[in-house]
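Tertiary structure, described
The primary structure of each chain is shown beneath.
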Amino acid sequence: MGVRGKHIVLGVSGSIAAYKAADLASKLIQAGARVSVIMTQAAREFITPLTFRSITHQPVVTDWWDPASDLSIQHVALAESADAMVVAPATADLLAKLAAGLADDPLCGTALATQAPLLLAPAMDAHMFEHPATQQNLRTLQERGATVVGPERGRLASGLTGTGRLAAAETIMGHLAALLGRQGDLKGYKIVVSAGPTEEPLDPVRHIANRSSGKMGFAIAEAARDRGARVTLVTGPTALPDPPGLRTVHIRTALNLRDRVQEEVRDAHAIIMAAAPADFRPASMAEQKIKKGAEATMVVELVKNPDIIAETRGDFLKIGFAAESEELLKNARTKLVEKGLDLIVANDITAENSGFAVDTNKVFLLEPSGQVTELPLLLKTEVADRILDRVVELLAARGKRPVGV
Ligand code: CTP
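It should be emphasised that the depicted structure is a prediction, and the values quoted were computed from it without experimental measurement. (Residues numbered from 1 in each chain as written. Predicted model: local features only at pLDDT ≥ 70, side-chain atom pairs only at ≥ 80, totals over all residues. Heavy atoms only, no water.)

With that out of the way, let us pick up the environment of L379. Relative to the assigned elements, L379 resides in strand β21 (residues 378-379). For L379, the contacting residues outside a window of four places in its chain are D359 and T360. (Helix = DSSP H or I, 4+ residues; strand = E, 2+ residues; numbered from the N terminus. Contact = heavy atoms within 4.5 Å.)

In structure tokens:
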């Protein structure tokens, strides 16, 4: 999924941020895309075609009129074979040309000729970006269906701070993956995913938490987005950035998580509960920092948190996780039944390279019918897709219809 196997036409226009397009091209290639680069004359003042040719192993289109180039006469072929076209960086000048429908260079010509979705990542001086002409051009292009990513606020090449920085490569790629997946097998479905730990406060500076990194839940949310789902990710505190192209809701405690999950599942087709909510919370939170005092021991009274997935009720699929250190399948089956789940992902946290904080997971999928599917050790991104493959089948088996499709 994502950009793997897709043909991405990357247009590079003349901004100092053009050098960052080399990093984007490299990341796209690493993610399994085929990348064809088209550069404007101005872009070539900042970075050479050889850079892109070396990264992409494809000819770079620079000129309509180069008699030695096959591609220069095949710009329409590039436009036709593109799965998506990305312009990064897109300068104010280039946006104006695209908005006007000009086709006097291969980049604009390809953008005009292609039927593939268009993603624009502007980068320019902050005042140029704020200018009504640029804003109008961006609106025009968005109305025609283009996706605009960024620019971001920060330090600009001029030394000033403002909005004009090219969006990060990861952000552009996240939006691109979402764009490519718009017609995916989860199109029209709303999926709620929970992720990460919860923090249960003891006093203003201390809390009880756990080691959940959020990686599995984030991977599921992104994979569902890349298959066309409308995704809400409800997450506890993690080190991970909000994934582009989906809605992220931040929570802290298990009680917050319950409230947000209950609200979000109302119109959802499935909830995938990958969060690790604390089972207990301190009976009360001290208003001031707790002093250590003279005693050698301290007792904290804990009260039980609600079981969030068990108490959600409604016409949606319920998918849970069971992270176990012993009797994996037996414990997972008990949770499947007691929590009324349609599927549970059982995960042996003692297995090598599986469980918390690593990028891989070794899981079994258990269902009420007794069906058990063992998956090999996979990347969490791959586990996410395997879980969603089953979710797609279960949605169909339940006769769940996508909305607005
Ligand atoms: N879960 C939940 N609410 C809780 C605790 C867990 O919704 N208060 C969900 C988790 O998100 C997961 C599933 O229930 O999908 C199983 O979580 P796990 O921590 O493995 O199980 P517990 O029910 O907490 O049981 P135990 O800690 O005794 O293993």
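Looking now at the sheet that holds strand β3 (residues 84-90). Taken in spatial order, the 5 strands of this open sheet run β2-β1-β3-β4-β5, and their pairing is parallel. Because the sheet does not close on itself, it has two edges, and the strands there are β2 (34-39) and β5 (147-148). Examined bridge by bridge, strand β1 (residues 7-12) and β3 share 4 bridges and lie parallel to one another. Paired with I8 across the bridge in β3 is A84. Relative to β3, helix α5 (residues 92-100) is tilted by about 140 degrees, and along the sheet it contacts β3 and β4 (118-122). In the packing of helix α6 (residues 106-113) onto the sheet, contacts are made with β1, β2 and β3, and the angle to β3 comes to roughly 145 degrees. (Pairing = 2+ DSSP bridges. Axes fitted to C-alpha atoms, helices over the stretch in contact; angles between N-to-C directions.)

Attention now goes to unusual backbone geometry. One can expect most non-glycine residues to show negative phi and most peptide bonds to be in trans. Following A88, the chain continues to P89 via a peptide bond in cis, the omega torsion being -5 degrees. Note on placement: P89 falls in strand β3. That bond from G150 to P151 is cis: its omega, 0 degrees, falls within 30 degrees of zero. Positive phi is not limited to glycine here, since H57 has a value of about 60 degrees. Note that H57 resides in the loop between α3 (49-56) and α4 (75-81). A positive phi angle is found at E327, which is not glycine, with a value near 40 degrees. Tracing the backbone through its elements, the reader meets E327 in the loop between β16 (317-324) and α13 (328-338).

Further remarks concern the sheet that holds strand β20 (residues 372-374). Read from one edge of the open sheet, 8 strands run β12-β11-β8-β13-β16-β17-β19-β20, paired in mixed fashion. If you trace the sheet from one side to the other, it starts and ends with β12 (247-250) and β20, each paired once. Each neighbouring strand pair of the sheet contributes to a mean axis angle of 15 degrees, computed without reference to strand direction. Pairing of strand β13 (residues 270-273) with β16, which is carried by 4 bridges, proceeds in the parallel orientation. Residue A270 lies in a different strand from β16, and its bridge partner there is L317. Docked against the sheet, helix α14 (residues 380-397) engages β13, β16, β17 (343-348) and β19 (363-366), running at close to 145 degrees with respect to β16.

By nearness alone, 14 residues border the ligand, and M273, A275, F321, K335 and K339 come closest of all. P306 places a polar main-chain atom, nitrogen or oxygen, 2.9 Å from a nitrogen atom of the ligand. Between an oxygen atom of the ligand and a side-chain N or O atom of K339, the distance comes to 2.5 Å. Mapped by element, the contributors of at least two residues to the shell around the ligand are α12 (308-311) and β16. Residue classes in the shell around the ligand are distributed as 9 nonpolar, 1 polar and 4 charged. (Near = heavy atom within 4 Å. Polar contact = N/O pair within 3.5 Å; in protein donor to acceptor, adjacent residues only side chain to side chain. Nonpolar A, V, L, I, M, F, W, Y, C, P; charged D, E, K, R; others polar.)

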